[in-house]
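# Coordinate inspection notes
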Amino acid sequence: MELTLWTYEGPPHIGAMRVVTSMRDLHYVLHAPQGDTYADLLFTMIERQDQRPPVTYTTFQARDLGGDTAGLVKQTVAAAYARFRPQMLLVGESCTAELLQDQAGTLAASMNIGIPVVPLELPAYSKKENWGAAETFYQVVRAALAGRLAEAAPERESRNTGGRRPRANLLGPTVLGLRCRDDVTEITRLLSRLGVDVNVVAPLGATPADLARLPDADFNIDLYPEIARTTCAWLERSFGQPYTRTVPMGVGATRGFMREVAVLAGLDQDEVLAGELSGASSTAASASRLPWYSRSVDSTYLTGKRVFIFGDATHAIAAARVARDELGFEVVGLGSYSREFGRELRAAAALYGVDALITDDYLAVEAAIAEAAPELVLGTQMERHIAKRLGIACAVISTPIHVQDVPARYSPVYGFEGANVIFDSWVHPLVMGLEEHLLQMFREDFEFNDKAVPSHLGKSVGHAAPAQDIDVAMEAAGEESAATLPRWAPETELELRKIPFFVRGKARRNTERFARERGLATITVETLYDAKAHFGR
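In this report, we go over the structure that sits alongside the text. Quick caveat, the model's predicted, so the values are computed rather than measured.

About the criteria used
- Residues numbered from 1 in each chain as written.
- Predicted model: local features only at pLDDT ≥ 70, side-chain atom pairs only at ≥ 80, totals over all residues.
- Heavy atoms only, no water.
- Helix = DSSP H or I, 4+ residues; strand = E, 2+ residues; numbered from the N terminus.
- Buried < 20%, exposed > 50% of the residue type's maximum accessible area, 1.4 Å probe, protein only.
- Contact = heavy atoms within 4.5 Å.
- Areas by Shrake-Rupley, 256 points an atom, 1.4 Å probe, with all protein chains shown as cover.
- Phe/Tyr/Trp six-rings, centres within 6.5 Å; stacked < 30°, edge-to-face > 60°.
- Lys NZ or Arg CZ within 6 Å of the ring centre and 35° of its normal.
- Axes fitted to C-alpha atoms, helices over the stretch in contact; angles between N-to-C directions.
- Parallel < 35°, antiparallel > 145°, perpendicular 65-115°, else oblique.
- Left-handed = near helix turned anticlockwise from the far one by under 90°.
- Nonpolar A, V, L, I, M, F, W, Y, C, P; charged D, E, K, R; others polar.
- Pairing = 2+ DSSP bridges.
- Core = buried A, V, L, I, M, F, W, Y, C linked by side-chain atoms within 4.5 Å.
- Right-handed = clockwise from strand over helix to strand, strands pointing away.

## Points about the overall build of the chain
The helix and strand tally for the chain stands at 21 helices and 14 strands. Sorting the 537 residues of the chain into buried and exposed places 54% on the buried side. Across the chain, the fraction of contacts at a sequence separation of at least 24, relative to all contacts at a separation of at least 6, is 72%. Of the roughly 24400 Å² that the chain leaves accessible, carbon and sulfur atoms contribute 52%.

Spelled out as C-alpha cells, the structure:
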C-alpha cells in the first residue's frame, strides 16, 4: 500500500456503496470502525443526493477490539433488517475491519433473517473501487436470479416469438458515475427510435425484484464496462443473452452502436439506418451538431491541436477516438488508472502511436503531461488541477469527478446529444484560451492597460496568466530551477509573450534547452527564433 495525497479510486467497499446507493430496497451492513462514515459525504456533497446512502455501519471503536466484534456484526445486521426491511441485504467489511477477520458476511448469512443475504468478499488491499462495484453488482444479480438458473438457456434461442418489440437491459450506470443519469435518458430515447424497448436499467434505480426480470430481455447493453462487463459476460454464459461491445460516445461510435443494436435485436439494418449512413437529412444524422461544427470555419484552427487523455479505460479510449476522428486533434498521450482494462488500453494507444500510461499515481500522470506539453488535457478532476498549474486548457471526461461535474441541467456524454456536449466542453476551453491569448497580446494598447475600464470578464482581463506564473507552475512540475537556466533578455521576454499561453511553457523549455546545449548565457530574440526553427523541423 502506498500513501498518497490524491487517489483515482477508493477501496472496493466504496464501489459496493455506489451500487447499493444506486438501487432501491437494498441495504448494506458495513463492518467498519468509527470514522468510516466519511464515505456518505461522497453522495450527499458530490452527487447532491437528498438522503444518506442505505448503509448501516457497525462503527466499532478501539475499546471494542478486546471484546466480541463478531457479536457486534450480528446485532447490527438484526437492527438494520428490523428498521429498513429491504428485499436483500449485503454484508461486507471495510479495509480496516478486514484485518479483524470476523467474516462478517458469513456471520450474517448464518442468521436466517428471512431475506437473501449476500456476503461480499472485497479484498481491500489488492482491489479498488470500480472492481468492488463490478463484483457487488455481479453478486447481487446472481443472488436475484438464483431461482431462475434452472431455466437458463446457455445457447441463445429466439426469445421474441410473439411479435413484440425487442427488449434490452441497460447495465452499468451508478451514482458517482460521469453523467450516468443523463446517458440513460439519451440511450433510452435512441433505442425507442430504433424500435427497441428497455426492460431493466440497473443498478441505477433498480430493485432486487427488477433484477429477477433481467433474463426477459433479448440482449444486454453494456453501457459502462468497468461496472457491468463481468455481469454481462455471466448473463451471456448462463442465459444466452448477448451484449453490446460499442460504447456510444461520439457521433461515429453512436452510429456503430445503432448498427450493433440492430443486429442483436433482429431488426432490418437497412431500414433502421436508412439515410443515416449516407449522411442524408434524417433524425439520426441531424441529431448532433458536432460534425458540422467541427468542419466549420471557426473550428479549423483547432485542427492538429495536441491532446493528452487520462481517465477510466472506457471514457479514455472513447475520447481518444472522438478527439482524433471527429475533432481533428492529435493524441499525444493516452492513459488510465483502470488496470483491469490494460490490454484494451494498450491496443488503443497503439492506434495513435503512443505508449499507454497505466498508473494510479497522479504524480506520474503530471510528469507525463508536462513532458508531452499538450494544448488540451482530457481527464479527471485531478488532471483538471494539474492542467491548471501548468496553464493548459482542460475538460473532465471521467471519474473521479467533483460537484461541478454533476450539473443540474441535462448533459449526457453518450449518444448524439452527448456529442454536442462533448464539442462544447472540449472546444470551448481552447476557444477561450485563444481569446485570452489575444487579450494578452494587445494588453499594451490603451483599451487594455491598467487604467482602462475592466471588461465584462473582470479586472484580470488582459493580465491573466502572465508568462512568469506559468513558468513557476512548470517548475512545480519538476522543471529545473531558474538559477541553472540561461538568462532571458527583457526584449526576448516580451517576444515570448506573443506565443499563446497554452504552448508558451513548451516554447520556453525548448529555447532554454537549445541555449544550454550551445553554451549561451543569454537568450536573445534571435535565439528564440533559432530554437523555434530547430525544434519545428
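## Considering the environment of Val-403
Summarising the element assignment, Val-403 is placed in the loop between strand E12 (393-396) and helix H17 (415-441). Separated by 22 residues in the primary sequence, Val-403 and Gln-381 place their C-alpha atoms 10.0 Å from one another. Look past the residues within four positions of Val-403 in its chain and what remains in contact with it is Met-45, Ile-46 and Arg-48.

## Notes on the packing of aromatic side chains
All chains considered together, the criterion is met by six aromatic pairs. With a centroid separation of 5.2 Å and an interplanar angle of 50°, the aromatic rings of Tyr-8 and Phe-310 are classed as tilted. Here Tyr-8, found in the segment before helix H1 (12-22), pairs with Phe-310, found in strand E8 (residues 306-311); they are 302 residues apart in sequence, far enough to count as distant. The buried category is assigned to Tyr-8, whose relative accessible area is 4%. Assessed through its relative accessible area of 0%, Phe-310 is described here as buried. Through a chain of ring-to-ring contacts, the aromatic side chains of Tyr-8, Phe-310 and Tyr-337 assemble into a single cluster. Taking the ring centre of Tyr-410 as reference, the NZ or CZ of Arg-189 above it sits at 5.1 Å. Over the ring of Trp-488 we find Arg-508, and its NZ or CZ is 4.5 Å from the ring centre.

## Digging into the packing of H1 against helix H6 (residues 129-144)
The N-to-C vectors of H1 and H6 enclose an angle of 50°; their axes lie 6 Å apart at closest approach. Taken together, the axes of H1 and H6 lie oblique to each other. The two elements H1 and H6 meet at a crossing, and its hand is right-handed. On the side of H1, the interface is formed by Pro-12, Ile-14, Gly-15, Ala-16, Arg-18 and Val-19, while H6 contributes Glu-129, Asn-130, Gly-132, Ala-133, Thr-136 and Phe-137. Counted by class, the contact of H1 with H6 contains six nonpolar, four polar and two charged residues.

## Observations regarding the sheet that holds strand E6 (residues 197-202)
Ordered by their spatial adjacency, three strands build an open sheet running E6-E5-E7, and the pairing between neighbours is parallel. The open sheet has two free edges, formed respectively by E6 and strand E7 (219-222), since each of these has just one partner strand. Each neighbouring strand pair of the sheet contributes to a mean axis angle of 25°, computed without reference to strand direction. Summarising the sheet, strand E5 (residues 167-171) and E6 pair through four bridges and their orientation is parallel. Bridge pairing links Leu-171 to Ala-202 in E6.

## Section: unusual backbone geometry
Going from Ala-202 to Pro-203, the amide bond is cis rather than trans, its omega being 0°. Tracing the backbone through its elements, the reader meets Pro-203 in the loop between E6 and helix H8 (208-211). Along the chain, Thr-399 connects to Pro-400 via a cis peptide bond; the corresponding omega equals 5°. Looking at where Pro-400 falls in the secondary structure, it is placed in the loop between E12 and H17. The phi dihedral of Asp-25 falls on the positive side, at around 60°, and the residue is not glycine. Of note, Asp-25 is situated in the loop between H1 and strand E1 (26-31). Overall, Asp-25 belongs to the partly exposed group, its relative accessible area being 39%.

## Quick word on the sheet that holds strand E10 (residues 356-358)
Here five strands make up an open sheet; going across it, the order is E10-E9-E8-E11-E12 and the pairing parallel. The sheet is open, and its two edges are formed by E10 and E12, each paired on a single side. Geometrically, the sheet is characterised by an average inter-axis angle of 20° between neighbouring strands, direction not taken into account.

## Some remarks on the nonpolar core
Among the nonpolar cores identified, the biggest contains 102 residues, and Tyr-28, Leu-211, Ile-309, Leu-334 and Trp-426 are the most heavily contacted of them. The next biggest cluster of nonpolar side chains, apart from the first, holds 17 residues, and it includes Tyr-362, Met-382, Ala-387 and Leu-390.

## Considering the pairing of strand E9 (residues 330-336)
Among the seven residues of E9, six are classified as buried, and the element is accordingly described as predominantly covered. Judged from the six bridges that link them, E8 and E9 form a sheet pairing that is parallel. Within the sheet, the bridge partner assigned to Gly-311 lies in E9 and is Ser-336. Crossover handedness for the path E8 to helix H13 (residues 313-325) to E9: right-handed. Pairing between E9 and E10: three bridges, direction parallel. Its bridge partner lying in E10, Leu-334 is registered against Ala-356.

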